[in-house]
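Listed here are the chains, written in short residue letters.
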Amino acid sequence: MEYHNIYIEEENNVAIITIDRPKKLNALNKATIEELHEAFKELDEDPNTKVIILTGSGEKAFVAGADISEFAHFTVENGGKLAAKGQKMLFDFVESLSTPVIAAVNGFALGGGLELAMACHFRVASDNAKMGLPEVSLGVIPGYGGTQRLPQLVGKGRALEMIMTAGMIDAQKAMGYGLVNYAVPQEELMPLCQKLASKIMNNSSVAIAQAIKAINAGYSYNNDGYAVEIDAFGACFGTNDFKEGTTAFLEKRKADFPGS
Ligand code: COA
């Protein structure tokens, strides 16, 4: 697929996806959502991609939300379909990827932008970042998983306050809330994400995929997280990575995981 709203850079098994609509503060229009789906799918299927970092172009915004101009005229039916399609195509899709995804939040992450960052496996913010779910100020509610993932990350009371006030919090406050794992100066954002990616890549990608699956199961109402963990734990014993990891430990050497 040819990309017009995003671009991908790959180096040393780390792929960086940059949402590239800086004049619109990287707002998520339909085309961008479709391109992101394809890019994540393509990278997740590529065994050479061990970690994906998602960021926004420019220094001002990660993503300033869903593109308001696209849904301003929508009916009840259109609205429901927009949320259902978007959740399936991008937000749930990213959360369920086997490949770890880090959000590098480099500025405004509002509405669908914060929802996208929350669908990533964890978040790192630059100290100019501003985060919020301002949908009720537009007369709607978060529709890309925000009412579910925000309480999971920050707790129900803080999530309700953020959603009801439609306010923004800064990177330091977001760190205190557990919404982001780090808050660093903008120039340190990508180097820190790369460093975290390197640490992740020392480990078994097969085991990491099972860990993502088990953790996500605990947050889904259709699954028993403990039961999924038992199955995922068992499955690890059949992998080459498990043989290599345990053998390397016993031979007192660093593991060189085959990724299978
Ligand atoms: N959808 C569509 N366009 C958006 C957008 C969004 N979510 N967020 C920003 N833009 C556009 C603006 O319309 C503007 O376009 P224009 O230059 O053609 O007029 C451009 O991006 C720059 O934004 P601007 O508002 O001029 O920048 P600012 O620095 O004054 O304000 C924000 C930045 C983020 C505070 C402001 O853009 C904003 O409130 N955006 C909407 C946030 C939101 O409600 N998101 C949730 C959507 S569900």
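Residues numbered from 1 in each chain as written. Predicted model: local features only at pLDDT ≥ 70, side-chain atom pairs only at ≥ 80, totals over all residues. Heavy atoms only, no water.

**Q** Describe the packing of aromatic side chains, and please don't skip the residues or the numbers.
**A** In total, this model carries 3 aromatic pairs according to the counting rule given. Between Phe91 and Tyr144, the ring centres sit 4.4 Å apart and the planes meet at 15°, which makes this aromatic pair stacked. In this pair, Phe91 sits in helix H3 (residues 76-95) while Tyr144 sits in the loop between strand S8 (130-132) and helix H5 (146-154), placing the two residues 53 residues apart along the sequence. Its relative accessible area of 0% is what places Phe91 among the buried residues. In this structure Tyr144 comes out as buried when scored by relative accessible area, which is 6%. Where Phe233 meets Phe237, the ring centres are 5.0 Å apart and the plane angle is 65°; that geometry is what we call edge-to-face. Of the residues examined, Phe233 reaches a relative accessible area of 57% and is grouped as exposed. For Phe237, a relative accessible area of 42% translates into the label partly exposed. Chaining the aromatic ring pairs together yields one cluster made of Phe233, Phe237 and Phe242. (Phe/Tyr/Trp six-rings, centres within 6.5 Å; stacked < 30°, edge-to-face > 60°. Helix = DSSP H or I, 4+ residues; strand = E, 2+ residues; numbered from the N terminus. Buried < 20%, exposed > 50% of the residue type's maximum accessible area, 1.4 Å probe, protein only.)

**Q** Quick one: what's the story with the sheet that holds strand S1 (residues 6-11), residue by residue and with numbers?
**A** Ordered by their spatial adjacency, 6 strands build an open sheet running S1-S2-S3-S5-S7-S10, and the pairing between neighbours is mixed. Two strands close off the open sheet at either side, each with one partner strand: S1 and strand S10 (182-184). Each adjacent strand pair in this sheet contributes to an overall mean axis angle of 20°, direction not counted. With 3 bridges joining them, strand S3 (residues 51-56) and strand S5 (residues 101-105) adopt parallel strand pairing. Along S5, the bridge assignment pairs Leu54 with Ala103. (Pairing = 2+ DSSP bridges. Axes fitted to C-alpha atoms, helices over the stretch in contact; angles between N-to-C directions.)

**Q** Can you break down the pairing of S5 residue by residue, with the values?
**A** Looking along a regular strand, one sees side chains alternate from face to face of the sheet. Within S5, 5 of the 5 residues are buried, leaving the element largely enclosed by the surrounding structure. Of the two faces of S5, the one holding Val101, Ala103 and Val105 and the one holding Ile102 and Ala104 are both buried throughout. Pairing analysis gives 4 bridges linking S5 to strand S7 (residues 122-126), with the strands arranged parallel. What sits directly across from Ile102, in S7, is Phe122.

**Q** Give a description of the domain arrangement of the protein that names residues and reports values.
**A** The domain architecture assigned to the protein consists of domain 1 (6-201) and domain 2 (205-250). The C-alpha-based centres of domain 1 and domain 2 are spaced at 26 Å. The interface of domain 1 with domain 2 comprises 10 residues on the first partner and 6 residues on the second. For the pairing of domain 1 and domain 2, the buried interface totals around 600 Å² over both sides, and the portion due to carbon and sulfur atoms is 59%. If you sort the residues of domain 1 by the area they bury against domain 2, Glu95, Ser98 and Gln152 come out on top, with a joint share of 51%. For the pair domain 1 and domain 2, the interface holds 0 salt bridges. Here domain 1 is connected to domain 2 by 1 residue pair in polar contact (both at pLDDT 80 or more). Counted by class, the side of domain 1 that touches domain 2 contains 3 nonpolar, 5 polar and 2 charged residues. (Domains from an automatic or database assignment. Contact = heavy atoms within 4.5 Å. Buried area = accessible area lost by both parts, 1.4 Å probe. Salt bridge = Lys/Arg side-chain N within 4 Å of Asp/Glu carboxyl O. Polar contact = N/O pair within 3.5 Å; in protein donor to acceptor, adjacent residues only side chain to side chain. Nonpolar A, V, L, I, M, F, W, Y, C, P; charged D, E, K, R; others polar.)

**Q** Can you break down helix H6 (residues 156-165) residue by residue, with the values?
**A** Side chains three or four residues apart in an α-helix point the same way, a direct result of the helix having 3.6 residues per turn. Of the residues making up H6, those classed as buried are Ala159, Met162 and Ile163. For H6, the angular spread of the buried residues around the axis is 95°, confining them to a single face. Facing away from the buried side of H6 by over 90 degrees, the exposed positions are Gly157, Met164 and Thr165. Residue Ala166 follows H6 closely and has a positive phi angle near 60°. (Arc of directions from axis to C-beta.)

**Q** Help me get a handle on the environment of Ala183, residues and values and all.
**A** Assignment of secondary structure puts Ala183 in strand S10. Sequence separation between Ala183 and Asp170 is 13 residues, and the spatial gap between their C-alpha atoms is 9.4 Å.

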